Amino acid sequence: MKKKLVCIVCPMGCLLDVEVENDYAVTGNQCKRGIGYAKKELTNPTRTVTSTVKIKGSIHDRLPVKTDKEVSKNKVFEVMKILDSVIVTSPIKVGTIIVENIFGDNVNIVASRSM
Amino acid sequence: MKEYDVVIVGGGSAGLAAAIEIYKNGIDNILLIVRDQELGGILLQCIHNGFGLKVFKEELTGPEYAERFVDQLKEINIDLRLESVVTAIHPDKRIEYVNSKEGFVTVKAKAIVLTMGCYERNSGAISIPGNRPAGVLTAGTAQKYLNIDGYLVGKRVFILGSGDIGLIMARRMTLEGAKVLGVAEILPFSGGLKRNIVQCLEDYDIPLYLSHTITEIIGDNNLQKIKVSKVDNFKVIPGTEMEFEIDTLLLSIGLIPENEISERAGIILDPKTRGPIVDETYQTNIEGIFACGNVLHVHDLVDFVTEESRRAGKNVAKYVKNQEVNKNEITHLKSNKGISYIVPQTIHFDNLEEKTEFFLRVTSEFKNVELVIKGDQEEIRRIKKRHMAPAEMEKVILTKASLKAYKIISIEVA
């Protein structure tokens, strides 16, 4: 079975042809990251989640945050739910862990700016 | 009147990169004028990731990308004015700005760098029939409300235009609990990056209606409903109408370089890019005034803005040191079949470095074609292209050795 994918690793957006039965052999990729992406996307797709949390005592009311690793695509809304109740206080340095080890699999929510 | 070597107008990605590069090249008498209360520009509200793959070889969010440059800027000693608005630039390189601390100030510069970025086309730019209720706003405005201020502007959302900000906001509002009913694009292809179609729309089963547009907006005070129809070459096809009950319509219908003060200064704009016409040093038609970043032409990626602004910064520093007026013969770049614009628009052959980078956009989607570069009708180079689209900026690198002192260099799709 052949599958067509758009690689989302970088903005190039290569059009990939993936032979599923042939150990996810990839053509159409312009770099080696496309090979890893194709297999992962068709077996266990993952995404980085970016959002904001409430911050007190700063120039803005929202602190941008992200998962420091990709999480399973089907866990994205769970991450959002966790962030709903988080409140932090300024000052925060970029990279600071805001929520540690969210699913017990070493993925942390980190601040994506200093504020 | 205070005199500076360089005054930079705008503290987003272009202004930051230009300031740092000019400083690194030996010029330290610099003033950076910024309208916002902090540095970083629009990157600060672009909290999604995908920035920095070229410049830092890692994937960053917008605020992280900005912070790296803000940190570098803090290391160097230049004058910075925040919450200050430039009201006029004069051809003799006087700059007028105003802020609440100093009032009205005029300064003089040997060189000016325009890095004001761009603005979003809004509902005034397109004529949608129907009412004018609340609930219609640009995607970038909704992004600022949500990511900076923490307000979700609506619960049932439709997006007109498939530009990247609209796609990013489709995902962002979905994550925050809104229902995004669809994205309509009047053209038969998307105006955004392919990866954003996948990770922002397909991931969340948001339909993309290509060759569709909004034919009516309905609502007394607040937006209630829109009608969407299929179009054939911009003409509505009768009987294809769909209705969507929504409270919010986001517009992602294009970005326009912010050149009001440039035009008043007498800077000539390219009607296609809506940015200044520049040469290989990013100098405009007014000697000593340079432009880079989205004020020059709208880029797809901030990494390209940074690279361009660094190149411009080097040239600005060189100009300030030499104060030389360029009197070499000018070669014009010409956009032929299939090309909508090329930047820079002019070059001085004698001035060229070993390699020159040209940026261009195509007029529509092309598959398996070639870019043909000609100098006064003589073919210089052919470059095979598997896929090109207007949403994706193309880069062509030409060596000085391959160019002669042609009058016109043209690029076309064949």
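Residues numbered from 1 in each chain as written. Chains lettered and ligands numbered in written order. Predicted model: local features only at pLDDT ≥ 70, side-chain atom pairs only at ≥ 80, totals over all residues. Heavy atoms only, no water.

Engineer: It is not clear to me how the overall build of chain A should be interpreted in this structure. Could you clarify?
Structural biologist: Per the secondary structure count, chain A includes two helices and 10 strands. From first element to last, N terminus to C terminus, chain A shows the α and β order β-β-β-α-β-β-β-β-α-β-β-β. Within chain A, the fraction of its 115 residues that count as buried is 44%. With an accessible surface of roughly 6,000 Å², chain A has 52% of that area assigned to carbon and sulfur atoms. (Helix = DSSP H or I, 4+ residues; strand = E, 2+ residues; numbered from the N terminus. Buried < 20%, exposed > 50% of the residue type's maximum accessible area, 1.4 Å probe, protein only. Areas by Shrake-Rupley, 256 points an atom, 1.4 Å probe, with all protein chains shown as cover.)

Engineer: What am I meant to see in the nonpolar core here?
Structural biologist: In summary, soluble globular proteins display a tendency toward joint burial of nonpolar side chains. All names here are of chain B. Core analysis: the largest hydrophobic core is formed by 70 residues, its most contacted members being Val-6, Leu-73, Ile-89, Ile-95, Val-113 and Leu-114. Taken domain by domain, this core gets at least three of its residues from each of domain 1 (1–120 + 254–326) and domain 3 (328–414). Ile-89 has contacts with Val-9, Arg-94, Ile-95, Ile-112, Leu-114, Ile-261, Ala-265 and Ile-289, leaving out every residue within four places of it along the chain. (Core = buried A, V, L, I, M, F, W, Y, C linked by side-chain atoms within 4.5 Å. Domains from an automatic or database assignment. Contact = heavy atoms within 4.5 Å.)

Engineer: Would you take a moment to explain the interface of chain B and chain A for this structure?
Structural biologist: One frequently used descriptor of interface size is the decrease in accessible area upon assembly of the parts. On the side of chain A, 31 residues touch chain B, which itself brings 30 residues to the contact. Contact between chain B and chain A buries roughly 2,800 Å² in total, counting both sides, with carbon and sulfur atoms accounting for 55%. Taken as a group, Glu67(B), Leu175(B) and Arg195(B) account for 19% of the area that chain B buries against chain A, more than any other trio of residues on that side. Linking chain B to chain A there are four salt bridges. Between Glu64(B) and Lys66(A) there is a salt bridge, and its shortest N-O distance comes to 3.0 Å. Across the chain B-chain A interface, the total number found is 13 residue pairs in polar contact (both at pLDDT 80 or more). Within the residue set of the side of chain B that touches chain A, elements represented by two or more residues are helix 2 (62–75), helix 3 (139–149), helix 4 (164–175) and helix 5 (194–201) of chain B. A per-class count over the side of chain B that touches chain A returns 11 nonpolar, eight polar and 11 charged. (Buried area = accessible area lost by both parts, 1.4 Å probe. Salt bridge = Lys/Arg side-chain N within 4 Å of Asp/Glu carboxyl O. Polar contact = N/O pair within 3.5 Å; in protein donor to acceptor, adjacent residues only side chain to side chain. Nonpolar A, V, L, I, M, F, W, Y, C, P; charged D, E, K, R; others polar.)

Engineer: How do you make sense of the sheet that holds strand 28 (residues 408–413) of chain B when you look at a structure like this?
Structural biologist: The strands that make up a sheet pair up through hydrogen bonds in the backbone, lying either parallel or antiparallel. All names here are of chain B. Here we have five strands laid out as an open sheet, ordered 23-21-28-25-26, and mixed in their pairing. Each edge of the open sheet is held by one strand with a lone partner, namely strand 23 (346–348) and strand 26 (378–388). Going from strand to strand, the sheet's axes swing by 20 degrees on average, the running direction of each strand aside. Pairing between strand 21 (residues 330–335) and strand 28: four bridges, direction parallel. Paired with Ser-335 across the strands is Ile-411, a residue of strand 28. (Pairing = 2+ DSSP bridges. Axes fitted to C-alpha atoms, helices over the stretch in contact; angles between N-to-C directions.)

Engineer: Just to check I follow, could you spell out the sheet that holds strand 3 (residues 25–27) of chain A for this structure?
Structural biologist: All names here are of chain A. Here three strands make up an open sheet; going across it, the order is 1-2-3 and the pairing antiparallel. Unpaired on one side and paired on the other, strand 1 (2–6) and strand 3 mark the two borders of the sheet. Pairs of neighbouring strands in the sheet enclose a mean axial angle of 30 degrees, with direction left out of account. Pairing between strand 2 (residues 15–19) and strand 3: three bridges, direction antiparallel. Following the sheet pairing, Asp-17 is matched in strand 3 by Thr-27.

Engineer: What is the right way to read the side chain of Glu280(B) from this model?
Structural biologist: Residues and elements named next belong to chain B. Relative to the helices and strands, Glu-280 is located in the loop between helix 6 (260–264) and strand 20 (289–291). Here Glu-280 sits buried without a salt bridge, and the closest side chain of opposite charge, Lys-318, lies 8.4 Å off (N-O distance). At 3.3 Å, the side chain of Glu-280 forms a polar contact with the side chain of Asn-351. (Lys, Arg positive; Asp, Glu negative; His and termini not counted.)

Engineer: So what exactly am I meant to see when it comes to the environment of Gly41(B) here?
Structural biologist: Residues and elements named next belong to chain B. With respect to the secondary-structure elements, Gly-41 resides in the loop between strand 2 (30–33) and strand 3 (49–51). Along the chain, Gly-41 and Glu-263 lie 222 residues apart, while their C-alpha atoms are 22 Å from each other. If near-sequence neighbours (up to four positions away) are discounted, Gly-41 is found in contact with Gly-11 and Gly-12.

Engineer: Would you explain the packing of aromatic side chains in this entry?
Structural biologist: Describing an aromatic ring pair means giving the distance of the ring centres and the angle of the ring planes. All told, the structure shown has eight aromatic pairs over all chains when counted by the stated rule. Centroid distance Phe56(B) to Tyr65(B): 5.5 Å. Interplanar angle 75 degrees. Geometry classified as edge-to-face. Since its relative accessible area comes to 1%, Tyr65(B) is described here as buried. Through a chain of ring-to-ring contacts, the aromatic side chains of Phe56(B), Tyr65(B) and Phe69(B) assemble into a single cluster. Of note, Lys75(A) hangs over the ring of Phe103(A), and the distance from its end group to the ring centre comes to 4.6 Å. Across the ring face of Phe56(B), the terminal group of Arg68(B) is positioned such that the distance to the ring centre comes to 4.8 Å. (Phe/Tyr/Trp six-rings, centres within 6.5 Å; stacked < 30°, edge-to-face > 60°. Lys NZ or Arg CZ within 6 Å of the ring centre and 35° of its normal.)

Engineer: What's the story with the environment of Ala109(B) in this structure? I'm lost.
Structural biologist: All names here are of chain B. Locating Ala-109 in the fold gives a position in strand 8 (residues 103–114). In this structure the C-alpha to C-alpha distance between Ala-109 and Ile-267, which are 158 residues apart in sequence, comes to 16 Å. Sequence-distant contacts of Ala-109, defined by excluding residues within four places in its chain, comprise Tyr-4, Asp-5, Val-7, Lys-93 and Ile-95.

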